[in-house]
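Coordinate analysis (summary)
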Amino acid sequence: MRFDTPSGTNPIDQLKVVGHALDRIDGPLKTTGTAPYAYERHDVAPNQAYGHVVGAAIARGRIASMDLAAAKAAPGVLAVVTAENAGKLGKGERNAARLLAGPDVEHYHQAVALVVADTFERARAAGNLIKVNYVKEAGAFDLEAARPGATVPKDGPFGPSVSSVGDFDGAFAAATVQHDATYTTPDEAHAMMEPFATIAAWEGDNLTVWTSNQMVNWGLLDLAKTLDMPKEKIRMVSSFVGGGFGGKLFLRSDALLAALGARAAGRPVKVALTRPLMFNNSTHRPATIQRIRIGASADGRITAIGHESWSGNVRGGGPENAIQQTRLLYAGANRLTATRLAVLDLPEGNAMRAPGEAPGLMALEIAIDEMAEKLGMDPVEFRILNDTQVDPEHPRRPFSQRQLIECLRLGAERFGWAKRNPKPAQVRDGQWLIGHGVAAGFRNNLTVKSGARVRLDGRGVVTVESDMTDIGTGSYTIMAQTAAEMMGVSIDKVVVHLGDSRFPVSAGSGGQFGANSATSGVYAACVKLREAVAQKVGFNSNDAVFSDGTVQQGNRRVSLAEAAGSGGLSAEDSIEFGDLSNRFQQSTFAGHFVEAAVDADTGEVRVRRMLAVCAAGRILNPKSARSQVIGAMTMGVGAALMEELVVDKRSGFFVNHDLAGYEVPVHADIHDQEVIFLDETDPMSSPMKAKGIAELGLCGVGAAVANAVYNATGVRVRDYPITLDKLIDGLPV
Amino acid sequence: MKSFTYERARTPQEAAAAAERQGAKFIAGGTNLLDLMKLEIETPVHLVDVNGLALDRIEATEEGGLRIGALVRNTDLAADQRVRRDYGLLSRALLAGASGQLRNKATTAGNLLQRTRCPYFYDTNQPCNKREPGSGCSAIGGFSRGHAIVGASDACIATHPSDMAVAMRTLDAVVETVRADGEARQIPIADFYRAPGDTPHLENVLSPGELITAVVLPRPVGGVQVYRKVRDRSSYAFALISVGAIVQKDGSGHVALGGVAHKPWRIEEAETALPRGARAVTEQLLADARPSRENAFKRPLVERTLAAVLTQARA
């Protein structure tokens, strides 16, 4: 099905099942510990051996030699895989650094070997017996130091690297009120609970991998490319994913090495990365340096807005596109946005939840707060004054829907914004300094081709099959809701099978495009299945009404079970998106409000209260959508207050590479969280009229926290995370 | 993990004898040792399980104090009515540490003996004098935000991570041990930890095989007892700094610091400055501090936190 005209009324609009806050259909599996995660698939292949990944001890250089003798002779060892004996390996389209080092080492903890043994403990012990003789080379590890040599990267899929409109320099210089400041965000880790994990098994030259991957088809293609084998000979299964946040968008070392290990050992092999390897062996969100300049007239109208961002990556890696929201969020006739990229020899940087916008808004939305203060304006009103209903770079291109003002207005009302004291460091509650902050949330809505197969059997049960993944988001449930709505059955009559490359290729889970795209794929397949049902019983499919497990035309009513018959009926289709997203800018919006308390003595920051008001099209399931948003808000608190991969600039690696050193919020850090969804449908986005929500929930949160901390203390911190050492010098004595 | 032999000891003396051999280690709760064994930072060849020893009771002493068996779990110690009534500092310090699950397993003696959380100590690719004597210190000149500012050496700037030990030091606890030859000794906690010097791998004064049997608290000293732990998140984080304090009505008292040194940091003479306030005490406590650029904030943080603690205690 091609989607290139705005959606009219369709069966989804009945909202009998879609739009309801239903429990997850996979909830019982999760709560009873029976959801089959990749590493626990003991059932799928007998005689599984254990692989242990050995990571490089240097950041950059060469392996001069490896002594594997002791490891090979260690008890229980079945095979040792290295680049020397792995055979010729390609590299995945979506990998910048290779997944198995040798002889060159491109980053710390890049895999140098996989040891396969009959037990996990034996594999690990043998791994520690491998002696690697490295020749170290000097590397670049410091973004600030590399900044002068950074260059303009080639234009990426999300717009040009440099863009300008009007005369930014002239307008900024002439502006009555100016703001020019530099902000930094650190390298961040996905730190998902489930590590990378894969079981691989060969049958002849056919390979099956049970893995934890957000994008089955990308993983399959890149595994085939890396192993130089036909993709038809690989099956990839990713039924449940214990968190990904973008870290599992790509083929990673666990899957490749499990496949190589299984081939070398002649039996199935399972590989999970140990927690200390998770931070340097994998990808991360790259650090940024961002310079923001804003000029405005005395009445608060932005006349010039400039945002430049610097980030680093390995050779072949891309930039963190932190400027992209600044092209679209606020009005202003004169504009400049630019991205620059430096070569760094740290681990590969890549997508993490809301790549670009998340760190971009962490900077921009502090700058907006600072600008509002300079203008003597309320920061909510300043944002509203500078709202735009069109793409400011291309004013003839409107937004499909844009309710940022409504988000901010409703949020301000519900949060009690009017009671905020605009003067910093005025409000106390015992030992606590209390502050309130706001930020706009913005994330583009992406749509991606997505397919599904739906089957109707003789019991009237609808089965949905797609290679879509559920990374904790609720895909199983919303896809079941979609099929139930389309076929006129209750949700307990729908079965959903996901994450298997034998099923139709879907959008996968990433870029907050999964929910809207994958359910639209189910919609498309169901349209075909409805036609098949109607044809089977002799109805005109346009007039047939599907409800209560039956199909009806005029006075004639047939149960779906009967219609399907013993042979059943099946249909498959994909949704393909046309140029609506070119003609209309599709984005999602939020108002984020935060109350923070700062200990007046120690500078410890604790978030007391958070509110997100979101406008993101139709909400397919308010319960799972809310879970997405509160999880994202929690991640935003982490980014604001504690998360930082600390670079050892001498040796070139992330030092705090475990969950004791890389702190993320715990329950005690998160108090009241409230989420409000505006009633919205966006017919430009898809037949579902839905949009993404999972990344919007993060975008802007960090700055709202930062602005609340400023309001509490009067100390403006422009370098994340906002830890107490950056505050105490400025706190009242 | 590497192979090792294992035995369950039946008496403290038997345990001490079994652990005297090269490469032997005691295991009780295992909350730290097992993690370190998985990473091959600790590679014992023989484990002596002391969990079967009858060292899990809290008893009154003739002197009016408490004898806390080495195997008393952190959860039980924190919840003990006598501890909560007379040694509130200890209870509060325990509950500020780790998580409920860990406190259920971790023992009193094991808590004193836990090893540093320096990230370089945990990464076996990196030089670390504590892990591999003579290899160098990666933390000096590296990521040192959480490291020691006082009492450290050119060989090591690691901190001792325990909250409980700070309370024990403030309370003048005494560590009781037994050796393989049956000799028992009492070690004031002030003398228990060794300065890193050139030998940071030697962390305390125990001899090979010497087993902690109990930690003894003296008679209750009363006063207002406060434990204030400062950290980047609200729970389940090691202290950036912590302050344990006992403040009497007359303004006198005891103060020890966590998160600033290789041991709970207390200087008795500094306590004479308590009536003059936090700044005066901090100046003496940290007179010899040599912070790095990254952890220089700890000095003002100690002073501010101590000031808050004193205000709280005197309120």
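Remember, it's a predicted structure, so these values are computed and weren't measured experimentally. (Residues numbered from 1 in each chain as written. Chains lettered and ligands numbered in written order. Predicted model: local features only at pLDDT ≥ 70, side-chain atom pairs only at ≥ 80, totals over all residues. Heavy atoms only, no water.)

**A word on the overall build of chain B**
Convention followed: Only DSSP runs of H or I with at least four residues qualify as helices, and only runs of E with at least two residues qualify as strands; both kinds are numbered from the N terminus onward. Residues are treated as being in contact if the distance between any of their heavy atoms lies within 4.5 Å. Note on areas: Shrake-Rupley with a 1.4 Å probe; residue coverage comes only from the protein chains shown. For the purpose of charge, His is not counted, nor are the chain termini; Lys and Arg are scored as positive and Asp and Glu as negative. To locate a charge, the coordinates of NZ of Lys, CZ of Arg, CG of Asp or CD of Glu are taken.
Along its length, chain B carries 11 helices and 11 strands. Across chain B, the fraction of contacts at a sequence separation of at least 24, relative to all contacts at a separation of at least 6, is 61%. Working note: accessible area of chain B is about 13,000 Å², and carbon and sulfur atoms make up 48% of it. Seen as two clouds, the 40 positive and the 35 negative side-chain charges of chain B have centres 6 Å apart.

**Structural notes on the packing of aromatic side chains**
For clarity, the threshold we go by: Note on aromatic contacts: the rings of Phe and Tyr and the six-membered ring of Trp form a pair at centre separations within 6.5 Å, being stacked when their planes are under 30 degrees apart, edge-to-face when over 60 apart, and tilted otherwise. Only protein chains enter the accessibility calculation, which uses a 1.4 Å probe; a residue is then buried when its area is under 20% of its type maximum, exposed when over 50%, and partly exposed in between.
In total, this model carries 14 aromatic pairs over all chains according to the counting rule given. Seen from their ring centres, tryptophan 417 of chain A and phenylalanine 593 of chain A are 5.7 Å apart, and the 70 degrees between their planes marks the pair as edge-to-face. Highlighted residues: tryptophan 417 of chain A in the loop between helix H10 (404-415) and strand E17 (427-429) and phenylalanine 593 of chain A in strand E26 (residues 587-599), separated in sequence by 176 residues. Overall, the relative accessible area of 5% leaves tryptophan 417 of chain A in the buried class. Here phenylalanine 593 of chain A falls in the buried class, since its relative accessible area comes to 1%. Aromatic side chains phenylalanine 192 of chain B and tyrosine 193 of chain B sit 5.0 Å apart centroid to centroid with 90 degrees between the ring planes, which places their arrangement in the edge-to-face category. In this structure, phenylalanine 192 of chain B and tyrosine 193 of chain B share a single accessibility class: buried. An aromatic cluster is built from Tyr37, Phe240 and Tyr476 of chain A, whose rings are joined through pairwise contacts.

**So, the side chain of lysine 298 of chain B**
Residues and elements named next belong to chain B. Our working rule: In what follows, salt bridge is the name for a side-chain nitrogen of Lys or Arg lying within 4 Å of a carboxyl oxygen of Asp or Glu. By the criterion applied in these results, polar contacts are pairs of N or O atoms within 3.5 Å in which, for protein atoms, one can donate a hydrogen and the other can accept it, and in which residues neighboring in sequence qualify only through two side-chain atoms.
When you line up the elements, lysine 298 lands in helix H11 (residues 298-314). Despite its burial, lysine 298 remains without a salt bridge, the nearest opposite charge being carried by aspartate 232 at 9.6 Å. Reaching out from lysine 298, the side chain makes a polar contact with the backbone oxygen of leucine 240 at a distance of 3.2 Å. Only 2.6 Å separates the side chain of lysine 298 from the backbone oxygen of glycine 259, close enough to count as a polar contact. Setting aside anything within four residues of it in sequence, one finds lysine 298 in contact with Arg145, Gly146, His147, Ile149, Leu240, Ile241 and Gly259.

**A word on the sheet that holds strand E11 (residues 253-258) of chain B**
Residues and elements named next belong to chain B. Stated formally: A strand pair is defined by DSSP finding two or more bridges across the two strands. Only the stretch in contact is used when fitting a helix axis, every axis being a line fitted to C-alpha atoms; angles between N-to-C directions are given from 0 to 180 degrees.
Taken together, 3 strands build an open sheet; the order of strands is E9-E10-E11 and the sheet is antiparallel. On the outer flanks of this sheet lie strand E9 (224-230) and E11, each paired with one strand and no other. Each strand of the sheet is rotated relative to its neighbour by a mean of 10 degrees, with strand direction disregarded. When E9 meets strand E10 (residues 241-247), the two strands line up antiparallel, connected through 7 bridges. Of the residues in E10, the one forming a bridge with valine 226 is alanine 245. Against the sheet, H11 touches E9, E10 and E11, its axis set at about 30 degrees to E10.

**Let's talk about helix H8 (residues 357-375) of chain A**
All names here are of chain A. Rule in force here: Under the convention used throughout, the expected extent of a helix is 1.5 Å for every residue step, that is, one less than its residue count.
For H8, spanning 19 residues, the distance from its first C-alpha to its last is 25 Å, which sits close to the expected 27 Å at 1.5 Å a residue. Burial analysis of H8 places 17 of its 19 residues in the buried class, the great majority of the element. Looking one or two places after H8, you find glycine 376, whose phi comes out positive at around 70 degrees.

**Quick word on the environment of leucine 240 of chain B**
For leucine 240 of chain B, the location among the structural elements is in the loop between E9 and E10. When its relative accessible area of 7% is taken as the criterion, leucine 240 of chain B is described as buried. The contact partners of leucine 240 of chain B, leaving out residues within four places of it in the chain, are Leu724 of chain A together with Arg145, Val230, Arg231, Asp232, Gly259, Phe297 and Lys298 of chain B.

**As for the packing of helix H10 (residues 278-285) of chain B against H11 of chain B**
All names here are of chain B. Quick reminder of the rule: Between 65 and 115 degrees an angle is taken as roughly perpendicular, under 35 as roughly parallel, over 145 as roughly antiparallel, and anywhere else as oblique. Each crossing is labelled by how the near helix is turned from the far one, with a counterclockwise turn of less than a right angle marking it left-handed and a clockwise turn marking it right-handed.
Between H10 and H11, the shortest axis-to-axis distance is 9 Å and the interhelical angle comes to 135 degrees. One element, H10, and the other, H11, form an angle in the oblique class. In terms of crossing hand, the pair formed by H10 and H11 is right-handed. Contacts from Ala278, Arg279, Val281, Thr282 and Glu283 in H10 reach Arg299, Val302, Glu303, Leu306, Ala307 and Leu310 in H11.

**Remarks on the sheet that holds strand E9 (residues 177-185) of chain A**
Residue and element names in this part refer to chain A. One open sheet holds the 5 strands; their spatial order is E8-E16-E15-E14-E9, and the pairing between them is mixed. The open sheet terminates on both sides in strands that have one partner only, identified here as strand E8 (162-165) and E9. Strand-to-strand twist in this sheet, taken as the mean axis angle between neighbours without regard to direction, amounts to 10 degrees. As paired elements, strand E14 (residues 288-296) and strand E15 (residues 302-313) share 9 bridges and run antiparallel to each other.

**Considerations on the interface of chain B and chain A**
Stated formally: The buried area of a pairing is the accessible area, by a 1.4 Å probe, that goes missing from both parts when the two are put together, added over both. Basically, the charged four are Asp, Glu, Lys and Arg, the nonpolar ten are Ala, Val, Leu, Ile, Met, Phe, Trp, Tyr, Cys and Pro, and anything else, Gly included, counts as polar.
With 34 residues of chain B at the contact, the number on the chain A side is 38 residues. Together chain B and chain A conceal approximately 2,900 Å² of surface at their shared face, both sides included; 50% is due to carbon and sulfur atoms. The interface formed by chain B and chain A holds 4 salt bridges in total. The closest approach of N and O atoms between arginine 145 of chain B and aspartate 725 of chain A, which form a salt bridge, is 3.0 Å. Scanning the region where chain B abuts chain A turns up 20 residue pairs in polar contact (both at pLDDT 80 or more). Only helix H8 (119-122), E9 and H11 of chain B provide two or more residues apiece to the side of chain B that touches chain A. Examining the composition of the side of chain B that touches chain A, we find that 5 residues originate from one element, H11 of chain B, more than from any other. Residue composition of the side of chain B that touches chain A, grouped by class: 15 nonpolar, 8 polar and 11 charged.

**Remarks on the nonpolar core**
Let me state the cut-off plainly: Throughout this description, the term nonpolar core refers to a set of buried Ala, Val, Leu, Ile, Met, Phe, Trp, Tyr and Cys residues connected via side-chain atoms within 4.5 Å.
Among the nonpolar cores identified, the biggest contains 123 residues, and Phe593, Leu641 and Ile693 of chain A together with Leu257, Val260 and Leu286 of chain B are the most heavily contacted of them. The dominant element in this core, judged by the number of residues it contributes, is H8 of chain A, at 11 residues. If near-sequence neighbours (up to four positions away) are discounted, leucine 257 of chain B is found in contact with Val166, Ser242, Val243, Lys263, Pro264, Trp265, Leu285, Leu286 and Val302 of chain B. In this structure, Val53, Leu256, Met278 and Leu344 of chain A belong to the second largest nonpolar core, which totals 55 residues.

**Structural notes on the environment of aspartate 67 of chain A**
All names here are of chain A. Inspection of the secondary structure assignment puts aspartate 67 in strand E3 (residues 61-67). For the pair aspartate 67 and aspartate 658, spaced 591 residues apart in sequence, the C-alpha to C-alpha distance is 28 Å. Not counting residues within four places of it along the chain, the set of residues in contact with aspartate 67 comprises Leu129, Ile130 and Lys131. Polar side-chain contacts of aspartate 67 include one of 3.0 Å to the backbone nitrogen of alanine 69.

**Considering the pattern of salt bridges**
All names here are of chain B. Under the criterion given, the structure shown has 70 salt bridges over all chains. Note that glutamate 176 is salt-bridged to arginine 67, the shortest N-O span being 2.9 Å. Of this pair, glutamate 176 sits in strand E6 (residues 174-178) while arginine 67 sits in strand E5 (residues 66-69), and the two are 109 residues apart along the sequence. Taking relative accessible area as the criterion, glutamate 176 reaches 11% and is therefore assigned buried. Here arginine 67 falls in the partly exposed class, since its relative accessible area comes to 28%. Linking arginine 145 and aspartate 232 is a salt bridge whose minimum nitrogen-to-oxygen distance equals 2.7 Å. With arginine 145 in the loop between H8 and helix H9 (164-170) and aspartate 232 in the loop between E9 and E10, the pair connects residues that are 87 residues apart, well separated along the chain. For aspartate 232, a relative accessible area of 15% gives the class buried. Residues joined by salt bridges that share partners form a network here, namely Lys25, Glu42, Arg115, Lys130 and Glu203.

**Focus: the confidence of the model for chain B**
Detail in the predicted coordinates should be disregarded across regions flagged by low pLDDT. Let me state the cut-off plainly: The pLDDT score gives, residue by residue, the confidence of the prediction method on a 0 to 100 scale.
Per-residue pLDDT for chain B averages 97, and the proportion of residues at 70 or more is 100%. Predicted complex metrics record ipTM = 0.97 and pTM = 0.98.

**Focus: the pairing of strand E25 (residues 569-577) of chain A**
For a regular strand, side chains alternate in direction, first toward one face of the sheet and then toward the other. Residues and elements named next belong to chain A. Where strand E1 (residues 2-3) meets E25, 2 bridges bridge the pair, whose relative direction is parallel. Of the residues in E25, the one forming a bridge with arginine 2 is glutamate 576. As judged from the 7 bridges shared by strand E19 (residues 450-456) and E25, these two strands associate in the antiparallel manner. Residue pairing across strands places arginine 455 opposite serine 570, the latter belonging to E25.

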